[in-house]
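Chains, contacts and geometry: an overview
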Number of protein chains: 2
Amino acid sequence: MEHSKKTTIHDIAERLNVTASTVSRALNGNPRISDNTRKAVLKAARELDYEPNQIASALRSGRTQLIGMLVPTINRAFFSSIIRGVEEVANSLDYRVIVSQSNEIFENEENAVKAFLNARVDGIIASIGKNTEHFNHYKQVLDRGLPLVLFDRTTPKLQTGQVVIDDYQGAYMATTHLIEQGCERIVHFTSERKIDIYKERYRGYVNALQDHGIEPNHSLVFSGNLQLEDGRKHAEQLIQGKVDFDAIFSASDYAAMGAMQVLKENGLKVPDDVALVGFLNEPFTSFTDPPLTSVNQFPIEMGQTAANLFFNALNSDKKKIIPKKTVIQPELIVRASSLRTAP
Amino acid sequence: MEHSKKTTIHDIAERLNVTASTVSRALNGNPRISDNTRKAVLKAARELDYEPNQIASALRSGRTQLIGMLVPTINRAFFSSIIRGVEEVANSLDYRVIVSQSNEIFENEENAVKAFLNARVDGIIASIGKNTEHFNHYKQVLDRGLPLVLFDRTTPKLQTGQVVIDDYQGAYMATTHLIEQGCERIVHFTSERKIDIYKERYRGYVNALQDHGIEPNHSLVFSGNLQLEDGRKHAEQLIQGKVDFDAIFSASDYAAMGAMQVLKENGLKVPDDVALVGFLNEPFTSFTDPPLTSVNQFPIEMGQTAANLFFNALNSDKKKIIPKKTVIQPELIVRASSLRTAP
DNA sequence: TTTACTTGTGCAATCGATTGCATAAATAAT
DNA sequence: ATTATTTATGCAATCGATTGCACAAGTAAA
């Protein structure tokens, strides 16, 4: 079978003895078209199996119905869930999402943004890379008048919409929970990197201690990369150094997991000897033994929020995003790793 | 600052006193353009900060440099890893990937494919939904002469490129491994659904048993949805029914996990009393206690393979995919849940 | 020197839809 | 009955790049 040529508005126009303008207006619900004509157009469109060519429409109208979405890593639960949230909102509004990943490499990030602009996306939703220090590529987006929304990893250097979770609050809740479980010497795993989110978590940890009359102890804070191995190392140091501690609040589930392994290997009971709380609520946290208490960041909701912010900006007159920061409240998910039966 | 109008090939043409055709040809490396002109064009393009408008190019040339990618669920490790694989290959060739999810709902799947076609993607890479039984939407893709590649969930009803893993082989390896660990009464968790992949895994299980002189036992096979809860239920039945068994090979990591929980709750030791093997190598499998042996499907490689198949088809004369099925060999990742120290 | 290619550009149509402006017909206002 | 307004549609330019065909100038072959 030959590939039958796609029908265009001209085919419809010809059949009805009207012009393409009329057909276009009828299809787009322009009120200046009579009811009769509109019905006839819609009927013909159906009969001829008409499907609009979005490329042609985009060229003329300047709207592609495409959103460029940039994440550091696609296949990490947190980010893929955010993509999911964005995708749901976007698709319901007949927008499509182009996904690219930077792999935390600055050059990739620049290229992806440039590619998005060449593809003439209607705007961009992005999480900036760990190593990103200049923001010219993002400024270009704003200079073109395109909506830009940043999530999770944001920067005050760009005047644009941002969505983050309240890391401070999450850490505060986690630490308070441990205190309420009777813990008094609470270790904290944090990151060496100077990213806001870890500073905020540290701040939440410190403040929660102080608010409950516990003096923060510098020797209980461990800084590393927050991977599984880092957690193991920290835990080994704690044990070998015979440090007196009864809980760990880790800014990452992976590091918490590493610590859990080492603790168990050394015959320490979780949570009775050491209570454990992680951060991010990775999918694996409910499958560890004991299941790991963690802080849920609501990534799907975060994606939805980012998308809503995006569409608000898109539909506003100025097409300029109000540089508002939306802060999502996290939730402490208490599991067995921090639940002491008897105080 | 005003949004400076984007420069077009006409601006370059004007500055150099040539026509837009010449500029277009120069930029596209057409050999009929003299070296001098080409250099002048490239220089002017750089100076004027020219960026091609892909929409205009797409309208005229019919090539959008976009791939539509359809998955059941974006935020599942297996699928997001496949997306990652596709994205890497696509981006390196200056293609972008539009991602949509069907959530296993047939209507969503149809709509997504239709949206892809309206966006005039150059082709589609998809995994079909569990409940999909008609394939007209995919046939339309083929009728238009667009490349279509299916991965993981495929169908023989479509004459097109497919990428799957060798489920039979994965199951055969898993079962053989258990037998080699000294297990003789091996339970199998499978799915009620009539999807090929589960039938293949079942077949691999049965054949491995037979090849080692063990008679398959119908009462050791449990059928369900393969979720965590199903695994728990099956394990409870096994224990309450006082069934004699010494291993479980589950067609899903989640069900294996559920079983592990119940076994431990009932004082049974993994792997000594019951050895355990899952399937899919979910990220959590290395974090369970004991870590869960599983079958790696190489999802990133699967995505890369799908993308390569796609581009082969795209670049072939006929633009018709050779309806070839690429089968990826899985790998058994042995962890503690199935490793018996003494036979 | 004449004829035949080759090389490098230009012309103008085209991809398919959108949209500002003009206009004919129908209706309302005076 | 005349003028003003509304309604419905057409005209033609436009978005920006691509491409088949034409053609002038230069080079090679006869």
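So, here is what we can say about the structure in this document.

How each quantity is defined
Residues numbered from 1 in each chain as written. Chains lettered and ligands numbered in written order. Predicted model: local features only at pLDDT ≥ 70, side-chain atom pairs only at ≥ 80, totals over all residues. Heavy atoms only, no water. Near = heavy atom within 4 Å. Polar contact = N/O pair within 3.5 Å; in protein donor to acceptor, adjacent residues only side chain to side chain. Helix = DSSP H or I, 4+ residues; strand = E, 2+ residues; numbered from the N terminus. Phe/Tyr/Trp six-rings, centres within 6.5 Å; stacked < 30°, edge-to-face > 60°. Buried < 20%, exposed > 50% of the residue type's maximum accessible area, 1.4 Å probe, protein only. Expected span 1.5 Å × (residues − 1). Arc of directions from axis to C-beta. Contact = heavy atoms within 4.5 Å. Nonpolar A, V, L, I, M, F, W, Y, C, P; charged D, E, K, R; others polar. Buried area = accessible area lost by both parts, 1.4 Å probe. Salt bridge = Lys/Arg side-chain N within 4 Å of Asp/Glu carboxyl O. Pairing = 2+ DSSP bridges. 1 Å grid on protein atoms, 1.4 Å probe; cavity = no way out; pocket = protein on both sides within 12 Å on 5 of 7 lines; lining within 4 Å. Points joined across faces, edges and corners; volume = space filled by probe spheres on them.

**As for the protein's contact with DNA strand D**
Of all residues adjacent to DNA strand D, which total 26 residues, the nearest are Thr-22 and Thr-37 of chain A together with Arg-25, Tyr-50 and Arg-60 of chain B. Each atom of DNA strand D within 4 Å of the protein was classed as base or backbone; sugar and phosphate made up 54%. Within the backbone of Thr-19 of chain A, a nitrogen or oxygen atom sits 3.0 Å from a phosphate oxygen of DNA strand D. Side-chain polar atom of Arg-60 of chain B to a base oxygen of DNA strand D: 2.4 Å apart, as the coordinates give it. Residue assignment for the surface near DNA strand D shows that the elements contributing at least two residues are α2 (20-27) and α4 (54-61) of chain A together with α1 (9-16), α2 (20-27) and α4 (54-61) of chain B.

**Focus: the packing of aromatic side chains**
Residues and elements named next belong to chain A. Summed over all chains, the structure comprises 21 aromatic pairs over all chains. Judged by centre distance (5.9 Å) and plane angle (35°), the ring pair of Tyr-168 and Tyr-172 falls under tilted. Residue Tyr-168 and its partner Tyr-172 are both found in helix α8 (residues 167-180); the two are separated by 4 residues, about one turn of the helix. Assessed through its relative accessible area of 17%, Tyr-168 is described here as buried.

**Regarding helix α5 (residues 77-92) of chain B**
Residues and elements named next belong to chain B. Along its 16 residues, α5 runs 23 Å from first to last C-alpha, staying within 8% of the 22 Å computed at 1.5 Å per residue. Most of α5 sits out of view: 13 of its 16 residues are buried. Positioned one or two residues after α5, Asp-94 has a phi angle of 70°, which is positive.

**Focus: helix α3 (residues 35-47) of chain B**
All names here are of chain B. Spanning 13 residues, α3 covers 18 Å between terminal C-alpha atoms, matching the ideal 18 Å at 1.5 Å per step. Burial in α3 covers these residues: Arg-38, Val-41, Ala-44 and Ala-45. Taken down its axis, α3 places every buried residue within 135° of arc, on the same side. Residues of α3 that are exposed and point over 90 degrees away from its buried face: Asp-35, Asn-36, Lys-39 and Arg-46. Packing partners of the buried residues in α3 comprise α1 and α2.

**Overview of the protein's contact with DNA strand C**
Neighbouring DNA strand C are 27 residues, the closest being Ile-9, Arg-25 and Arg-60 of chain A together with Thr-22 and Thr-37 of chain B. Within 4 Å of the protein, the contacting atoms of DNA strand C are 55% sugar and phosphate, with bases supplying the remainder. Between Ser-21 of chain A and DNA strand C, the recorded distance is 3.3 Å, taken from a side-chain N or O atom to a base oxygen. The contact in question runs from a base oxygen of DNA strand C to an N or O atom on the side chain of Arg-60 of chain B, over 2.8 Å. Every element with two or more residues in the surface near DNA strand C is listed here: α1 (9-16), α2 and α4 of chain A together with α2 and α4 of chain B. Here the residues of the surface near DNA strand C are counted per class, giving 8 nonpolar, 13 polar and 6 charged.

**Comments concerning the interface of chain B and chain A**
Residue-level contacts link 49 residues of chain B with 50 residues of chain A. For the pair chain B and chain A, the summed buried surface comes to about 4400 Å²; carbon and sulfur atoms form 57% of the total. Considering only the side of chain B, the residues that lose the most area to chain A are Ile-55, Arg-84 and Phe-287 of chain B, jointly responsible for 16% of the buried surface there. Taking the shortest distance from any N to any O, the salt bridge between Glu-51 of chain A and Lys-114 of chain B comes out at 3.9 Å. Inspection of the chain B/chain A interface yields 24 residue pairs in polar contact (both at pLDDT 80 or more). Only α4, α5, β2 (96-101), α6 (106-118) and α11 (253-265) of chain B provide two or more residues apiece to the side of chain B that touches chain A. Counting residues per element, the side of chain B that touches chain A draws most heavily on α5 of chain B, at 7 residues. Of the residues contributing to the side of chain B that touches chain A, the split by class is 20 nonpolar, 17 polar and 12 charged. Note: strand β2 (residues 96-101) of chain A against β2 of chain B, 3 bridges, orientation antiparallel.

**Quick word on the layout of surface pockets**
In this structure, the largest pocket spans a volume of roughly 1600 Å³. Arg-120 of chain A together with Glu-51, Pro-52, Asn-53 and Gln-54 of chain B are the residues nearest the centre of the largest pocket, which is lined by 45 residues in total. Secondary-structure elements contributing two or more residues to the lining of the largest pocket are α4 and α6 (106-118) of chain A together with α1, α2 and α4 of chain B. The residue inventory of the lining of the largest pocket, partitioned by class, reads 14 nonpolar, 18 polar and 13 charged.

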